[in-house]
Number of protein chains: 2
Amino acid sequence: MKPVKTLRVPGFRGAGMSCGLKKSGKPDLALVVSDLPCVSEVVFTKNKVFAAPVAWGKALKGRISTLRGIVANSGNANACTGAEGLRAVRDTAAAACAALALPKDSLLVSSTGVIGVRMPFEKIVDAMPDLVGSLSPDGILPACDAIMTTDAFPKRGIRKVKVAGGTVTIGGIAKGAGMIAPNMGTMLGYLFTDASIAAGDLKRVFRDSVDRSFNRIVVDGDTSTNDTAAIFANGACGLPPLSGDDLEAFALALHDLLLDLALMIVRDGEGATRVVRIAVTGAKSDADAEKATRAVATSPLVKTMVAGADANWGRVIAAVGRAGIAMNQEKAEVSFAGEIVLKAGMVIDPKAEARAVPKIKKEAFEIRVDLGLGSGSHYVYFSDLTHAYIDCNAGYRS
Amino acid sequence: MKPVKTLRVPGFRGAGMSCGLKKSGKPDLALVVSDLPCVSEVVFTKNKVFAAPVAWGKALKGRISTLRGIVANSGNANACTGAEGLRAVRDTAAAACAALALPKDSLLVSSTGVIGVRMPFEKIVDAMPDLVGSLSPDGILPACDAIMTTDAFPKRGIRKVKVAGGTVTIGGIAKGAGMIAPNMGTMLGYLFTDASIAAGDLKRVFRDSVDRSFNRIVVDGDTSTNDTAAIFANGACGLPPLSGDDLEAFALALHDLLLDLALMIVRDGEGATRVVRIAVTGAKSDADAEKATRAVATSPLVKTMVAGADANWGRVIAAVGRAGIAMNQEKAEVSFAGEIVLKAGMVIDPKAEARAVPKIKKEAFEIRVDLGLGSGSHYVYFSDLTHAYIDCNAGYRS
């Protein structure tokens with residue numbers, strides 16, 4: 001799960017720099033752009049309070065599938081900023097496209113950082129010539145650095161997929177330390193590939209992969225106002241559009257990379273020491289199973305239990321019991337790291353809990369709950385809750 | 001909000017003792033009983049994983065309105081204990097009723113403590129003669145002490161209501177440090193009154209009061225497996241059944257007492273330093289408003305913000321935005337302790353936040369969110385999230 005040290009995707013160039021949005025002087029402005037036209041797809045936050053760049057991106061509608069890359073800033077979320085915030089997005093996009101000699105609306109704009117503060121977009125506009133001037137095939141790494149907020153480490157990865165006639169590359173960068181940051185941060189994820197792929201196929205495999213990666217991680221349950229995930233495919237590989245087994249191999253590699261990036265975010269969950277996969281099976285429906293996994297993954301009692309490496313399954317089953325789903329406690333089975341601690345709603349093997357303890361002291365493990373009612377299932381990954389989370393979030397902002 | 005030092009309710013006697021369920025030797029067995037027949041009402045946890053005493057109590061059905069009091073233990077929740085757990089409840093109830101020469105099923109049984117451990121009810125049965133022998137009119141206080149688990153202080157209170165022809169008394173005891181305890185504790189609340197009141201009236205005013213007190217507090221969002229609230233009215237005041245203005249005065253006093261007890265529980269929320277009332281108005285429906293208040297009250301970002309006395313309203317509005325309700329951010333208004341920090345989805349007065357800061361450093365304050373959509377409203381009280389919560393819950397159980 002370590003960040004890769006090189007990240008080149010044919011036909012893409014990137015750059016990152018400091019334009020003065022962060023008081024610390026750390027990099028805060030990122031650009032990644034394809035030299036060729038792309039097919040693209042973007043997934044935005046479902047929060048009904050959404051930032052100006054999200055509002056602007058949603059308004060792109062059909063053009064969302066022909067974007068060439070991203071311009072993203074950290075240090076300011078441009079959320080709850082009204083009409084002036086939208087203007088800031090429009091001017092940022094226009095400045096970047098002009099400097100690149102691209103048609104307007106060719107780039108996705110994202111912001112992450114403090115909420116409710118006017119976006120000083122003049123700094124971004126002024127920096128644009130320098131940013132464009134420093135674009136390079138190795139520039140995706142500095143772009144990744146420039147979107148970090150409270151992230152303890154950068155999140156990025158690469159996959160190469162063998163297909164008929166050659167190889168295609170998928171590179172990805174992401175940020176987020178639990179969908180949150182001291183000042184309401186965000187999850188951002190960007191994927192770049194030289195694959196040649198039909199827009200409809202890209203949309204389908206990307207949305208499916210996001211649904212099973214970024215949408216299955218929980219640090220604190222607080223969906224951000226700025227979450228955005230996007231993919232750009234420029235066809236620079238020079239091969240015909242992916243189909244059949246090749247498309248499937250691409251989809252698998254994409255999901256693998258997205259899950260890696262998503263797990264890096266959980267692992268970086270503010271103060272997190274462990275990553276747990278909670279899987280619920282035997283529910284009446286998949287929707288019920290999802291409610292149960294999310295109740296467990298957001299329960300402060302469960303999250304502190306994980307931090308303390310305590311196989312306190314009572315907290316897990318009680319969280320499922322309040323999830324508002326169909327349930328009969330006498331049919332419930334719970335296991336920690338493969339040890340069945342509860343069966344038919346009772347303790348059958350009193351020693352199972354003790355056997356589980358060394359296994360849940362590891363950095364990652366699984367909790368399974370089978371409800372014995374039907375075939376509904378779901379899983380999510382979540383982090384634990386430690387003192388460092390309090391330190392990170394109870395501090396005064398300025 | 002300080003616990004009263006005397007608590008007598010005419011016609012009721014109580015007792016508390018240690019019967020050996022707690023390793024610490026602290027009191028763990030409580031009994032409160034009326035010398036006269038009562039009308040009664042009980043409200044149980046809605047968690048689908050519920051303890052044996054809850055299952056047993058629910059099965060009492062019609063008899064739930066003629067109970068004479070409670071026998072309750074701490075140190076063991078008798079939850080996830082199967083058929084043997086139910087037997088333990090039955091034998092406990094039978095032993096208590098026999099020692100009191102009451103018909104069987106005259107008492108409510110409650111348990112609170114560790115989950116999934118066999119209930120050694122022989123200890124309770126053996127202790128029953130001593131417990132009954134120590135019953136006294138001043139014994140409601142030691143009964144209150146004997147139901148405590150991680151509570152930092154006992155929760156109890158008394159109200160006297162002037163009615164035509166005299167005065168009626170309502171005494172109440174409760175336990176809970178946030179519906180939770182290191183080993184899955186519970187919220188218990190018991191009310192005793194010498195009022196004469198029709199069963200239907202008691203049911204209505206009690207359920208309504210519980211709905212606006214115990215059901216409006218949030219420490220961690222983790223509903224317990226054992227929550228129980230009960231009221232017993234024995235008519236010892238010798239007055240005719242309450243009606244008209246007297247019934248209304250009784251209902252007001254009952255709600256006032258219940259809210260006091262509920263707020264004591266929030267105030268004792270593990271590690272809590274502040275109590276916040278979150279009120280949502282202008283929602284499309286009351287149900288929407290409730291979803292919004294609960295999203296805010298359980299958000300770790302909001303709870304750490306309260307601990308840090310940071311007027312970080314972005315976290316509040318983002319929690320409302322993910323609550324799954326009808327919302328238009330451009331109509332939203334947020335105030336902290338009366339200072340309007342967000343209006344029409346934007347910062348209108350940049351100094352409002354600074355003005356709010358000294359006000360939210362107090363032990364209690366209010367956050368209001370108006371959605372500007374309709375007439376739906378709701379409020380709940382919640383506690384903050386501090387290091388002490390982690391210490392209390394990440395520790396190993398044994």
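Residues numbered from 1 in each chain as written. Chains lettered and ligands numbered in written order. Predicted model: local features only at pLDDT ≥ 70, side-chain atom pairs only at ≥ 80, totals over all residues. Heavy atoms only, no water.

## Re helix α10 (residues 352–360) of chain B
All names here are of chain B.
Consideration 1: Burial in α10 covers these residues: A352, A356, V357 and I360. Looking straight down α10, one finds its buried side chains confined to an arc of 145°; they lie on one side. Away from its buried face by more than 90 degrees, α10 exposes A354 and P358.
Consideration 2: Contacts from the buried residues of α10 go to β12 (333–336), β13 (339–342) and β14 (364–370). (Buried < 20%, exposed > 50% of the residue type's maximum accessible area, 1.4 Å probe, protein only. Helix = DSSP H or I, 4+ residues; strand = E, 2+ residues; numbered from the N terminus. Arc of directions from axis to C-beta. Contact = heavy atoms within 4.5 Å.)

## Some thoughts on helix α5 (residues 199–211) of chain B
All names here are of chain B.
Consideration 1: For α5, with 13 residues, the first-to-last C-alpha span of 18 Å sits near the 18 Å given by 1.5 Å per residue.
Consideration 2: L202, V205, F206, S209 and V210 are the residues of α5 that are buried. Summarising the axial view, the buried residues of α5 lie within an arc of 130°, below the 170-degree limit, and thus occupy one face.
Consideration 3: Next to the buried residues of α5 lie β3 (39–44), β8 (188–193), β10 (228–233) and α6 (244–267). (Expected span 1.5 Å × (residues − 1).)

## Here we look at the sheet that holds β12 of chain B
All names here are of chain B.
Consideration 1: The sheet built from 6 strands is open, its strands ordered β9-β15-β11-β14-β12-β13 with mixed pairing. Of all the strands in the sheet, just β9 (217–218) and β13 have a single pairing partner and so form its edges.
Consideration 2: The sheet contacts of helix α7 (residues 286–298) involve β9, β11 (275–283) and β15 (376–383), and relative to β15 the element is tilted by about 20°.
Consideration 3: Strand contacts of helix α9 (residues 313–321): β12, β13 and β14, with the helix running at about 135° to β12, the strand carrying the most contacts. (Pairing = 2+ DSSP bridges. Axes fitted to C-alpha atoms, helices over the stretch in contact; angles between N-to-C directions.)

## Describing the packing of helix α5 (residues 199–211) of chain A against helix α6 (residues 244–267) of chain A
Residues and elements named next belong to chain A.
Consideration 1: Relative to each other, α5 and α6 sit at 35°, their axes nearing to 9 Å. In the crossing of α5 with α6, the sense of the turn from one axis to the other is right-handed. Listed contacts from α6 to D201, R204, V205, F206, S209 and V210 of α5 are L247, F250, A251, L254, H255 and L258.
Consideration 2: Partitioned by chemical class, the residues of the contact of α5 with α6 number 8 nonpolar, 2 polar and 2 charged. (Left-handed = near helix turned anticlockwise from the far one by under 90°. Nonpolar A, V, L, I, M, F, W, Y, C, P; charged D, E, K, R; others polar.)

## Quick notes on the relation of the copies chain B and chain A
Consideration 1: Each copy superposes on the other: chain B lies on chain A with an RMSD of 0.0 Å after a rotation of 180° and an axial shift of 0.0 Å. Here the copies are linked by what is in effect a two-fold axis. Among all residues of chain B, the minimum C-alpha distance to the rotation axis is found for H387 of chain B, at 2.8 Å. (Least-squares fit on C-alpha atoms with pLDDT ≥ 70 in both.)

Function cannot be read off these values alone, since they describe shape.
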